[in-house]
Amino acid sequence: MIHAGAGPEPVSGARQTPIFQNTAYAFHDADHAASLFNLQTFGFIYSRLGNPTVAALEQRLASLEGGRGAACCASGHAAQVLAFFPLMEPGSRFVASNRLYGGSITQFGRTFRKFDWHCDFVDTEDLAAVEAALDAGVKALFIESLANPGGVVSDLEALAELTNASGAVLIVDSTLATPWLCRPMDWGADVVVHSATKFLSGNGTVIGGAVIDSGRFDWGASGRFPGLSEPEPAYHGLKFSETFGDLAFTTHAHAVGLRDLGATMAPMNAFLILLGLETLSLRMERHCRNALRVAEWLEGHPKVAWVSYAALPGSPYRDLAAKYLPNGAGSVFTFGVRGGYEAGIRVVEGCDLFSHLANVGDARSLILHPASTTHRQLSDEQRAAAGAGPEVVRLSIGLETVDDLIRDLDRALAAA
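Residues numbered from 1 in each chain as written. Predicted model: local features only at pLDDT ≥ 70, side-chain atom pairs only at ≥ 80, totals over all residues. Heavy atoms only, no water.

## Remarks on unusual backbone geometry
Part 1 of the argument: Although it is not a glycine, L39 adopts a positive phi angle of roughly 65°.
Part 2 of the argument: Classification of L39 by relative accessible area gives buried; the value is 18%.
Part 3 of the argument: Unlike most non-glycine residues, H236 shows phi in positive territory, near 55°.
Part 4 of the argument: Locating H236 in the fold gives a position in the loop between α8 (226-229) and α9 (240-244). (Buried < 20%, exposed > 50% of the residue type's maximum accessible area, 1.4 Å probe, protein only. Helix = DSSP H or I, 4+ residues; strand = E, 2+ residues; numbered from the N terminus.)

## Remarks on the packing of helix α3 (residues 76-84) against helix α10 (residues 248-261)
Part 1 of the argument: Running from N to C, α3 and α10 cross one another at 115°; their axes reach a closest spacing of 9 Å. As α3 packs across α10, the resulting crossing turns out to be right-handed. Of α10, the residues touching α3 (which contributes V81, L82 and A83) are F249, A253, G257, L258 and L261. (Axes fitted to C-alpha atoms, helices over the stretch in contact; angles between N-to-C directions. Left-handed = near helix turned anticlockwise from the far one by under 90°. Contact = heavy atoms within 4.5 Å.)

## What about the sheet that holds strand β9 (residues 332-337)?
Part 1 of the argument: The sheet built from five strands is open, its strands ordered β8-β9-β12-β11-β10 with mixed pairing. This sheet does not close on itself; its edge strands, each paired only once, are β8 (304-308) and β10 (355-356).
Part 2 of the argument: With two bridges connecting them, β10 and strand β11 (residues 366-368) associate as parallel partners. Counterpart to H356 in the pairing with β11 is I367.
Part 3 of the argument: Where helix α12 (residues 280-299) meets the sheet, its contacts fall on β8, β9 and β12 (392-396), and the angle it forms with β9 comes to roughly 10°.
Part 4 of the argument: Here helix α14 (residues 340-350) sits on the sheet and contacts β9, β10, β11 and β12; the angle it forms with β9, its principal contact strand, is near 125°. (Pairing = 2+ DSSP bridges.)

## A closer look at the domain arrangement of the protein chain
Part 1 of the argument: Considered domain by domain, the protein chain is made up of domain 1 (30-275) and domain 2 (281-415).
Part 2 of the argument: Each of domain 1 and domain 2 was reduced to a C-alpha centroid, and the two centroids are 28 Å apart.
Part 3 of the argument: Between domain 1 and domain 2 lies a buried interface of about 3000 Å² when both sides are counted; carbon and sulfur atoms form 61% of it.
Part 4 of the argument: Two residues, E157 and K323, come together in a salt bridge whose shortest N-O distance is 2.6 Å.
Part 5 of the argument: Viewed at the interface, domain 2 and domain 1 are joined by 11 residue pairs in polar contact (both at pLDDT 80 or more).
Part 6 of the argument: At the level of elements, α4 (102-109), α6 (156-166) and α7 (178-181) are the ones that each hand at least two residues to the side of domain 1 that touches domain 2.
Part 7 of the argument: Looking at which element gives the most residues to the side of domain 1 that touches domain 2, the answer is α4, with four residues.
Part 8 of the argument: Here the side of domain 1 that touches domain 2 is composed, by residue class, of 17 nonpolar, 14 polar and five charged. (Domains from an automatic or database assignment. Buried area = accessible area lost by both parts, 1.4 Å probe. Salt bridge = Lys/Arg side-chain N within 4 Å of Asp/Glu carboxyl O. Polar contact = N/O pair within 3.5 Å; in protein donor to acceptor, adjacent residues only side chain to side chain. Nonpolar A, V, L, I, M, F, W, Y, C, P; charged D, E, K, R; others polar.)

## What to know about the side chain of T334
Part 1 of the argument: Its place among the elements puts T334 in strand β9.
Part 2 of the argument: Residues contacting T334, with those up to four places away along its chain left out, are P149, G150, W306, V307, S308, G387, V392, V393 and R394.

## Details of the pattern of salt bridges
Part 1 of the argument: Within the structure shown, the criterion is met by 13 salt bridges.
Part 2 of the argument: In this structure, D135 and R93 form a salt bridge, with 3.2 Å as the shortest nitrogen-oxygen distance. Here D135, found in the loop between α5 (127-133) and β4 (140-144), pairs with R93, found in strand β2 (residues 93-97); they are 42 residues apart in sequence, far enough to count as distant.
Part 3 of the argument: Taking relative accessible area as the criterion, D135 reaches 35% and is therefore assigned partly exposed.

## Structural notes on the pairing of β12
Part 1 of the argument: Judged by how many residues are buried, β12 sits mostly within the fold: five of five residues are covered.
Part 2 of the argument: Across the two faces of β12 the burial is the same, with V392, R394 and S396 and V393 and L395 all buried.
Part 3 of the argument: In this structure, β11 lies alongside β12, joined through three bridges in antiparallel fashion. If you follow L368 over to β12, its bridge partner there is R394.

## Some details on the environment of D218
Part 1 of the argument: Summarising the element assignment, D218 is placed in the loop between β7 (209-213) and α8.
Part 2 of the argument: When its relative accessible area of 52% is taken as the criterion, D218 is described as exposed.
Part 3 of the argument: Residues D218 and G167 lie 51 residues apart in sequence; the distance between their C-alpha atoms is 9.5 Å.
Part 4 of the argument: In this structure the side chain of D218 is engaged in a polar contact, spanning 3.2 Å, whose partner is the backbone nitrogen of G220.

## Remarks on the pairing of β4
Part 1 of the argument: Among the five residues that make up β4, five are buried, leaving the element largely enclosed by the rest of the structure.
Part 2 of the argument: Side chains A140, F142 and E144 project from β4 onto one buried face, and the interleaved L141 and I143 project onto a second face that is buried too.
Part 3 of the argument: Across two bridges, the pairing between β2 and β4 is parallel. Residue pairing for β4: A96 is matched across the bridge by F142.
Part 4 of the argument: As judged from the five bridges shared by β4 and strand β5 (residues 169-173), these two strands associate in the parallel manner. Each residue of the ladder has a partner; that of F142, found in β5, is I171.
Part 5 of the argument: In terms of handedness, the path from β4 via α6 over to β5 forms a crossover that is right-handed. (Right-handed = clockwise from strand over helix to strand, strands pointing away.)

Quick look at the structure:
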């Protein structure tokens, strides 16, 4: 969290990673320039492809997740596009959990169709359904380690066994867990994505995304991923899997993905995320401790129908949380208000200390009614499957004094 990816800056001796607010980088000579453009030498050419501040963040995130390499980009949604870009072609299919953040369901189910990429949504708790969906040719399975908004814990090891047997790539969005609570690659994930906007930065100041590669997937084994295993015309027929081995995916993300999609992370944002990462474990410990207290209190409230938090004794995900999230079950969870849609809205509007906005992972506690906001574009059936029904309120528990948070919710529930 503190040292990976950055030491003292060699020219000035600055101990904190500088903000390299820079567009392009001087070449030593013509041969050096040619070798960089041919991917024969690693280095910096132009900040759309790579920047020293961003590179320090990439190395730190790869180290935290136990990955081989990483590519940072402009947002969490950009990270999802960047993750799929080397894998997909027109007409390609992938499978995704139906318990995802509403924006991801919309991105996969609607926007990706414009690329002629197609997604089949399945209940990933039904392993037989997942196995049936992972038929020949399916490129990937996309899940969240800790689902937004419902706090559903995915059975990473079982799902990794299914993708490994089918030859598909397991992509895990681990935004809500962070590498402090869960490292999906330890359980067989091939690629991990993050919205660095959330807990990694931790204070609601930046937008950013990251794609981390395990380096373990054999891209040339099946012929299913020609973007990585076949000659790349833009680099004189170079084959990424053959030339770069376990860095093939990460190199492609920079040399092709960021080059052509242009979803580059700003160096100032990388700097702020690096600062946030220095206190990640301390923050997550407080987030989780506060969240458990609030969830336990809500369980006993007469106006609350149910609470979905994996650390509670009655949660169906408690055993999975103990296995995959031993340091805590996160701080984003949902509860159901008696009275349905209108009551849920009144609770959200009745809070003073909780901020009503569409984000999670802030130092401040946040509250949202997903059915009227983040999951509004979905059908009733999709909202129900995603854990965002009409009575659902989502909380992102921050770092405040927990008794103050409970008092705020108590007033809001009384008013509702």
